[in-house]
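Structure assessment
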Amino acid sequence: MKKSGVIKNRRYTVEGDSSSLCVAPSLVTDQHRWTIYHSKVNLPAALNDPRLAKRESDFFTKTWGLDFVDTEVIPSFYLPQISKEHFTVYQQEISQREKIHERCKNICPPKDTFDRTLLHTHDKSRTDLEQVPKIFMKPDFALDDSLTFNSVLPWSHFNTAGGKGNRDAASSKLLQEKLSHYLDIVEVNIAHQISLRSEAFFHAMTSQHELQDYLKKTSQAVKMLRDKIAQIDKVMCEGSLHILRLALTRNNCVKVYNKLKLMATVHQTQPTVQVLLSTSEFVGALDLIATTQEVLQQELQGIHSFRHLGSQLCELEKLIDKMMIAEFSTYSHSDLNRPLEDDCHILEEERLISLVFGLLKQRKLNFLEIYSEEMIITAKNIIKQCVINKVSQIEDIDTDVVLKLADQMRMLNFPQWFDLLTDIFSKFTIFLQRVKATLNIIHSVVLSVLDKNQRTRELEEISQQKNAAKDNSLDTEVAYLIHEGMFISDAFSESELTPIAIDTTSQRNASPNSEPCSSDSVSEPECTTDSSSSKEQISSSVTPGTVDIMVNEDVKLSDLELGKLANNIQELLYSASDICHDRAVKFLMSRAKDGFLEKLNSTEFISLSRLMETFILETEQICGRKSMSLLGALQSQANKFVNRFHEERKTKLSLLLDNERWKQADVPAEFQDLVDSISHGKIALPEKKSGATEERKPAEVLTVEGQQYAVVGTVLLLIRIILEYCQCVDNIPSVTTDMLTRLSDLLKYFNSRSCQLVLGAGALQVVGLKTITTKNLALSSRCLQLIVHYIPVIRAHFEARLQPKQYSMLRHFDHITKDYHDHIAEISAKLVAIMDSLFDKLLSKYEVKAPVPSACFRNICKQMAKMHEAIFDLLPEEQTQMLFLRINASYKLHLKKQLSHLNVINDGGPQNGLVTADVAFYTGNLQALKGLQDLDLNMAEIWEQKR
């Protein structure tokens, strides 16, 4: 029974600690591992290759087969040659250790019987363990597994049903004995293993006793040391520590006194703020509130009596914000709506600086929007007031009948309306100057704050560097912790730091984010003195002054925000210019509803354009940027003016051409003066001269730079119209490109319409001419030549007023010049064609017979004389000669053709003599004409050239 109990206990132990079996070494598991003893083939047999013809001496190449050829291996160049000398250093180092090892072996000889006894014992224990079933040796052995439990304790041994109780009981007993036997085997092996390691167990127990002895000696030494330290403390340190405690107590009393004094000062904050607000000292009130809140959060934190003061100050600060915004709105209204006089002095500059600084301190940056809205309202009121003042001065306008102010304004004539617009522009100029002066003050405040922030940051960096250097130089050897978290160095430094606490005030103001003073810190009296002194400083400096005075206080804006605010101020100035221009545009559009601006003549529109350009230039000089709205409106009206200007002159030119009879006209003296002024470089309409011009008689031709031009009246007026275009460009430079296009169109129209009337014989139906004579053609050609003469002058005039990128538009003049030259060439060809048809008609009937000269040649000479008479006074001599050369060439061609038809040759016969006489008559008559004396006729070309 005793053994069975042991078996039960051991069984539960094995079952309960199955995990330990998995970790501990197991002889049962290890015996199934493969070792060298399981090898069935010895090493020599494995290395011998029976296929080799002879046994190789090399161990590594014996098994490489018959095909292997042994070759000499070349030594590697990268591997050094190893010799015994390489191991000399190692042998010297290891020789001493080897000697020690040999000496130890001699002292502790090995046990010869150990191996054999151990091997015998191992074989015996192994044999015993083989009796134990393998299932007990498995690492995952656990009885809670149903399969494992059924294998160890089968149910067949416990089943008592069916009358088999005695046999089952015997089986159960046998199973119990078997398990007890297995347990004994395991216990015996465990005891054997423990016996093998008994020396290690005894050695550990011995070491434990020695360690206890060492601890006992150490404890006695520590006790002696403590006794000595206690004696030293009593003799040498107790008095000094008492002095230090008294110094700390005194400092704490000073702290309490200063704290109470500070509390009394903070208690007077609200009444002081009320007094400051009553005098509109917003900046001083805000500084006092900020200082008080800083003191509450750092030095008076946790004071029960001040638990509501912080929230009260926050509400008071919000109230001040609203008061400052309302004050700034009132100031803006008063500043912008005061009478617009020539002087642009700033209204209450110190008040403005104080308000702006207070708004910046509270980060209320929307005050610029308030100013912008006030500018818009003021701009509207300026126009409205100017209109009311002007209408009230006009007696013809009945304000009781015409109720609307816009309708009353539309009843003004141009001079009255022009004076009104001039007054509006002058008021807007003063308004912008006033806005610029105010914004300059605001901008200077912002820049001063920005500059102060940068200087403060530089001072902080310098102070940090000095403090770091000072901390490194302190002697920290005496800074040991001695009592209540205080250091000796702190205790010694308190008496030194307290007298100079006031000097650190500026440093704390320069760095508002410094750490709060704790109740135990030595620098707490310093903070207390600092707070009180800073509050007194604020109370004494709240009087508004210049920008420099205000900047000495703290502003919670970053450099980026201040820079953005400065840009917004500049943009607000640009916006003021845009507002004035927009209101001026609306004023112009309200007047232009009935087509008033489109009905202006050139002089009136030029005056209006110059006035608007002057205002645009003045606003650009004031604000630094050109506003485009009024300039766009001016350009739009200029385009309409150009269209009307062009249509009027084109219609006028069309009427002149339709009534032109293409006869030479007399040239009035004023037109001669006009072209003379052009020759002197003045492309403009000359001023009328009284008296002298009326006495001068008209000339037959127009003299231009020494050349005479016989012209029609339409061309004279066309030249005047061209000068009107050029003068308009000088007066309104913005319409240069449009005027160039319109003038090109006008010149093209004159060319095409004159071609239709003269070459196309349109004048026969339009004017009622009976025929288009050679004189009409020559006069038309000369008029075209006059226009061609002035095209380069016009081109140069426009080129001087165009931008370089607009020079491509000058190609219109090149096209026009080419068209005019083509037209002149067509007229010359028409004159030649007239004579050509005449030669064809007369020479086709020519017969070589007496009398001489023949009637045919008499008629030809008569027609040539008429032609010369018609064109010689109209065309220049060079052109006349060229024209008659072409006519002569046509004559020779027809004569040659007729002589060939009559078979008359240059053989010296009678017929040849008759022809020669007729030709001589023709040549003499032609060369007798004026200007044709030196004409080379070359009449030999009429005869056929015979080889």
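All of these numbers come straight from a predicted model, not from anything done at the bench. Chains are numbered independently. Their residues run from 1 in the order of the written sequence. For a predicted model such as this one, the threshold for reporting local features is a pLDDT of at least 70, and the threshold for listing and counting side-chain atom pairs is 80 or more; totals across whole chains, interfaces and linings nevertheless cover every residue. Only hydrogens and water are removed before side-chain values are computed, so all heavy atoms of the structure are retained for them.

This part is about the overall build of the protein chain. What counts as a helix is a DSSP run of H or I of at least four residues, what counts as a strand is a run of E of at least two, and both are numbered from the N terminus. Looking only at helices and strands, one finds 33 helices and four strands in the protein chain. Per-residue burial for the protein chain yields a buried fraction of 37% across its 947 residues. Of the contacts formed within the protein chain by residues at least 6 apart in sequence, a portion of 78% connects residues at least 24 apart. Roughly 57,600 Å² of accessible area belongs to the protein chain as shown, and the carbon and sulfur atoms make up 55% of that amount. Remark: exposure states derive from per-residue accessible area (1.4 Å probe, protein chains only) relative to the maximum for the residue type, with buried under 20%, exposed over 50%, and partly exposed in between. Note on contacts: a residue pair qualifies if any of its non-hydrogen atoms lie within 4.5 Å across the two residues. Surface accessibility follows the Shrake-Rupley procedure with a 1.4 Å probe radius. Residue values consider only the protein chains on display as shielding.

Turning next to the nonpolar core. What we call a nonpolar core is a set of buried Ala, Val, Leu, Ile, Met, Phe, Trp, Tyr and Cys residues that are connected through their side-chain atoms within 4.5 Å. Counting residues in each nonpolar core, the largest one holds 195 residues, and the members touching the most others are Trp 417, Phe 798 and Tyr 891. Considering every element that reaches this core, the biggest residue donor is helix α16 (residues 414-473), with 18 residues. The contacts of Trp 417, once residues within four sequence positions are left out, are Met 409, Leu 412, Phe 587, Leu 588, Arg 591, Phe 596, Leu 597 and Leu 608. Ranked by size, the runner-up nonpolar core spans 11 residues in total, among them Phe 141, Leu 179, Tyr 182 and Ile 185.

On to the packing of helix α24 (residues 669-679) against helix α26 (residues 713-731), then. Each pair of packed helices can be summarised by the angle the axes make with each other and by the distance between the axes. Note on geometry: axes are lines fitted to C-alpha atoms, helical ones only across the stretch in contact, with angles between N-to-C directions running from 0 to 180 degrees. Put simply, α24 and α26 touch, their axes get as near as 11 Å, and they point 45 degrees apart. Taken together, the axes of α24 and α26 lie oblique to each other. When the axes of α24 and α26 are compared, the crossing they make is left-handed. The residues of α26 that touch α24, namely those facing Phe 671, Leu 674 and Ile 678, are Leu 716, Leu 717, Ile 719, Arg 720 and Leu 723. Only Asp, Glu, Lys and Arg are considered charged in this grouping, and only Ala, Val, Leu, Ile, Met, Phe, Trp, Tyr, Cys and Pro are considered nonpolar; every other residue, Gly among them, is considered polar. Residue composition of the contact of α24 with α26, by class: seven nonpolar, no polar and one charged. Roughly parallel means an angle under 35 degrees; roughly antiparallel, over 145; roughly perpendicular, 65 to 115; everything else is oblique. Throughout, a crossing is termed right-handed when the near helix is turned clockwise from the far one, and left-handed when it is turned anticlockwise from it by less than a right angle.

Now for helix α31 (residues 855-871). One fewer than the residue count of a helix, multiplied by 1.5 Å, yields its expected span. With 17 residues, α31 should cover 24 Å at 1.5 Å per step; its first-to-last C-alpha distance of 25 Å lies within 8% of that length. Within α31, burial applies to Cys 856, Phe 857, Ile 860, Cys 861, Met 864, Met 867, His 868, Ala 870 and Ile 871. Next to the buried residues of α31 lie α29 (774-799), α30 (811-843), α32 (877-902) and α33 (910-927).

At a minimum axis separation of 9 Å, α26 and helix α27 (residues 736-759) run at an interaxial angle of 170 degrees. Taken together, the axes of α26 and α27 are roughly antiparallel relative to one another. Taken together, the residues of α27 that come into contact with α26 (itself represented by Thr 714, Val 715, Leu 718, Ile 721, Ile 722, Tyr 725, Cys 728 and Val 729) are Thr 736, Met 739, Arg 742, Leu 743, Leu 746, Leu 747 and Phe 750. For the contact of α26 with α27, the per-class residue count stands at 12 nonpolar, two polar and one charged.

With a 1 Å grid spanning the protein atoms alone, the term cavity applies to any set of points in which a 1.4 Å probe fits but cannot get out, the term pocket to an open set with protein on both sides within 12 Å along at least five of seven lines, and the term lining residue to any residue with an atom within 4 Å of a point. Grid points are joined across faces, edges and corners, and a volume is the space filled by probe spheres set on the points. Tallying each qualifying case throughout the model produces three cavities of 30 Å³ or more. Computed from the structure, the largest cavity encloses a volume of approximately 80 Å³. Considering every element that reaches the lining of the largest cavity, the biggest residue donor is α26, with four residues. Grouping the amino acids of the lining of the largest cavity by side-chain chemistry returns nine nonpolar, no polar and no charged.

Patch members must show over 30% relative accessible area and no salt bridge, and they are joined within 9 Å when carrying like charges or within 5 Å when they are nonpolar side chains of Val, Leu, Ile, Met, Phe, Trp or Tyr. In what follows, salt bridge is the name for a side-chain nitrogen of Lys or Arg lying within 4 Å of a carboxyl oxygen of Asp or Glu. Together, Ile 190, Ile 194 and Phe 201 line one region of the surface with nonpolar side chains, adding up to about 290 Å² of accessible area. With respect to the helices, strands and loops of the structure, Ile 194 is situated in helix α8 (residues 165-196). Residue classification places Ile 194 among the partly exposed positions, given a relative accessible area of 45%.

Each aromatic ring pair is specified by the distance between its two centres and by the angle formed by the two planes. Stacked, tilted and edge-to-face are the three classes assigned to paired rings of Phe, Tyr and Trp, where Trp is represented by its six-membered ring and a pair needs centres within 6.5 Å; plane angles under 30 degrees give stacked, over 60 edge-to-face, the rest tilted. Applying the stated criterion across every chain yields a total of 15 aromatic pairs. Summarising the aromatic geometry, the rings of Trp 417 and Phe 587 are spaced 5.9 Å apart at their centres and angled 5 degrees between planes, so their arrangement reads as stacked. Of this pair, Trp 417 sits in helix α16 while Phe 587 sits in helix α21 (residues 559-591), and the two are 170 residues apart along the sequence. The pair formed by Trp 417 and Phe 587 is uniform in burial state, with each residue classed as buried. Look at Tyr 846 and Phe 857: their rings are 5.1 Å apart centre to centre, the planes differ by 70 degrees, and that puts the pair in the edge-to-face class.

Now for the confidence of the model for the protein chain. Overall, the predicted model of the protein chain reaches an average pLDDT of 76, with 77% of residues at or above 70. Scored from 0 to 100, pLDDT records how confident the predictor is in each individual residue. Mean pLDDT across the secondary structure elements of the protein chain bottoms out at helix α19 (residues 524-540), with 37, and peaks at α27, with 93. Low pLDDT, under 50, characterises residues 1-29; the predicted model gives this stretch 26 contacts beyond four residues in sequence or across chains. The low-confidence segment residues 111-115, where pLDDT is below 50, has one contact with residues more than four positions distant or belonging to other chains.

Looking now at the environment of Asp 745. By the element assignment, Asp 745 lies in helix α27. Along the chain, Asp 745 and His 646 lie 99 residues apart, while their C-alpha atoms are 9.2 Å from each other. Ignoring any residue separated from it by four or fewer positions in sequence, one finds Asp 745 in contact with His 646 and Lys 650.

Before going further, it helps to examine the pattern of salt bridges. Tallying each qualifying case throughout the model produces 13 salt bridges. Between Glu 724 and Arg 649 there is a salt bridge, with its nearest N and O atoms 2.7 Å apart. With Glu 724 in helix α26 and Arg 649 in helix α23 (residues 629-658), the pair connects residues that are 75 residues apart, well separated along the chain. Of the two residues, Glu 724 and Arg 649, neither departs from the other in class, the shared state being buried. Salt bridges here are not isolated pairs; linked through shared partners, they connect Arg 644, Glu 648, Arg 649 and Glu 724.

The omega angle of the peptide bond from Ala 850 to Pro 851 is 0 degrees, so this bond is cis rather than trans. At Trp 662, a position not held by glycine, the phi torsion is positive, near 60 degrees. Locating Trp 662 in the fold gives a position in the loop between α23 and α24. On the basis of relative accessibility, which here comes to 2%, the residue Trp 662 falls in the buried class. Even without a glycine there, the phi angle at Ala 761 is positive, about 60 degrees. Mapped onto the fold, Ala 761 is located in the loop between α27 and α28 (763-766). You can call Ala 761 partly exposed: its relative accessible area is 23%.

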